[in-house]
Amino acid sequence: MSILNDISSWLQQGRAPKVKACVQQALDEGIPAGEILEKGLLDGMGIIGQKFRNNEVFVPEVLIAARAMSKGVEVLRPHLVEDGVEEKGTVVLGTVKGDLHDIGKNLVRMMMEGKGLKVIDLGVDVPVEKFLDAARENDAKLICCSALLTTTMGEMRSVVEAVEASELKGKVSIMIGGAPVTQSFCDQIGASRYTADAATAAEVALELCTA
Ligand code: B1M
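Residues numbered from 1 in each chain as written. Predicted model: local features only at pLDDT ≥ 70, side-chain atom pairs only at ≥ 80, totals over all residues. Heavy atoms only, no water.

### As for the coordination of the cobalt atom of the ligand
Here is the rule we go by: Water is not part of the atom set, so a site may look incomplete; the donors themselves are N, O and S atoms within 2.8 Å of the metal, or 3.2 Å for Na, K and Ca. Only DSSP runs of H or I reaching four residues or more are called helices, and only runs of E reaching two or more are called strands; each is numbered from the N terminus.
The sole protein-derived ligand of the cobalt atom of the ligand is His101 (NE2), positioned 2.2 Å away. One can find His101 in the loop between strand S1 (90–95) and helix H5 (103–114).

Here it is, written out as structure tokens:
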């Protein structure tokens, strides 16, 4: 359907007003909100995610596309609720305590939202207990921790230990990422998954939430 292709294409170009207008047009044409989401917005964001992973587009393009996606979702949201389209799972995300870097985390959030996940973004400088409390309150299946400093990476170990020591053990997975984080660090601290980039993080989050 050409209007859905248009939505995907404008989104990839980061043209928020065009995306909004086309989403409205698609609704006016009677296309179900879920189909507009899947075949228009998520299709476009998926292509951007793929290109980002292959280094064909870079952070600015992703941020602009993600903003266009958010604008499209704003138009769609009331209709999605009406149509009973359910979110695919809830994820708690934050940058660990002591760390104020959030550009990568924000990309992770946008990519996850692009996969239809509900993201509770706790922001930066997030203490261990806040991750756990948010997971409890929102019945999240996944806690995602970002860190950009070698001095704050250790906080991720504390999150893993706190989950292990709580009733969330076995119910909530923990994904970690950020520039200094590695698979071997993940293995060392016993986190569930390490992902190196935002697109992969979103794919793995969807996998873990729908398992
Ligand atoms: Co800071 N900083 N910074 N900084 N900063 C780094 C990280 C640093 C490597 C620069 C350097 O020295 N070369 C260095 C860390 C050194 C180290 O620990 N080994 C550093 C330092 C030292 C500091 C300060 C201590 C500087 C100072 O004050 N003396 C200070 C610390 C403040 C604090 O946090 N308490 C500081 C401050 C800042 C600014 C505030 C100025 C700013 C942050 C602004 C902001 O985020 N709103 C800043 C910036 C911008 C950087 C650099 C230049 C860029 C980081 C960035 O946004 N990259 C950075 C140098 C660099 O990386 N080249 C640096 C782009 C972003 C898209 O990538 O965040 O890696 P990234 O995210 C990627 C992946 O890692 C992954 O997905 C993203 C996209 O694919 N990913 C995940 C991220 N989180 C994930 C989570 C996942 C999965 C994947 O699952 C949960």
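### Section: the pairing of S1
One face of the sheet, then the other: side chains in a regular strand alternate in exactly this way. Short version of the rule: Relative accessibility decides the category of a residue: with a 1.4 Å probe and only protein chains considered, values under 20% of the type maximum give buried, values over 50% give exposed, and everything between is partly exposed. A pair of strands is labelled paired if DSSP reports no fewer than 2 bridges between them. The crossover handedness rule: strands pointing away from the viewer, path from first strand over the helix to second strand clockwise, crossover right-handed.
Burial analysis of S1 places six of its six residues in the buried class, which makes it a mostly covered element. Burial along S1 is two-sided: Thr90, Val92 and Gly94 facing one way and Val91, Leu93 and Thr95 facing the other are all buried. With four bridges joining them, S1 and strand S2 (residues 118–121) adopt parallel strand pairing. Within S2, the position partnered with Val92 by the bridge is Ile120. At this point the chain moves from S1, through H5, to the parallel S2, and the crossover so formed is right-handed. As judged from the five bridges shared by S1 and strand S3 (residues 142–146), these two strands associate in the parallel manner. When the sheet's bridge partners are listed, Gly94 is paired in S3 with Cys145.

### What about the environment of Val108?
Here is the rule: Pairs of residues are marked as contacts when any of their non-hydrogen atoms sit within 4.5 Å.
Relative to the elements of secondary structure, Val108 occurs in helix H5. Note on Val108: relative accessible area 16%, which makes it buried. For the pair formed by Val108 and Ala199, sequence separation is 91 residues and the distance between their alpha carbons is 7.1 Å. Every residue in contact with Val108, bar those within four places of it in the chain, is listed here: Leu93, Ala198 and Ala201.

### Let's talk about the pattern of salt bridges
The condition that has to hold: By convention in these notes, a salt bridge is any Lys or Arg side-chain nitrogen within 4 Å of a carboxyl oxygen on Asp or Glu.
Tallying each qualifying case throughout the model produces eleven salt bridges. A salt bridge links Asp121 to Lys105, with the nearest nitrogen and oxygen atoms 2.8 Å apart. Within this pair, whereas Asp121 is found in strand S2, its partner Lys105 is found in helix H5, the two being separated by 16 residues in sequence. When its relative accessible area of 3% is taken as the criterion, Lys105 is described as buried. The closest approach of N and O atoms between Glu167 and Arg136, which form a salt bridge, is 2.7 Å. A residue pair is termed long-range when its members are at least 10 positions apart, and Glu167 in the loop between helix H7 (154–164) and strand S4 (173–177) and Arg136 in helix H6 (residues 128–138) qualify at 31 residues. A relative accessible area of 43% means that Glu167 is categorised as partly exposed. Using a relative accessible area of 34% as the deciding quantity, one classes Arg136 as partly exposed.

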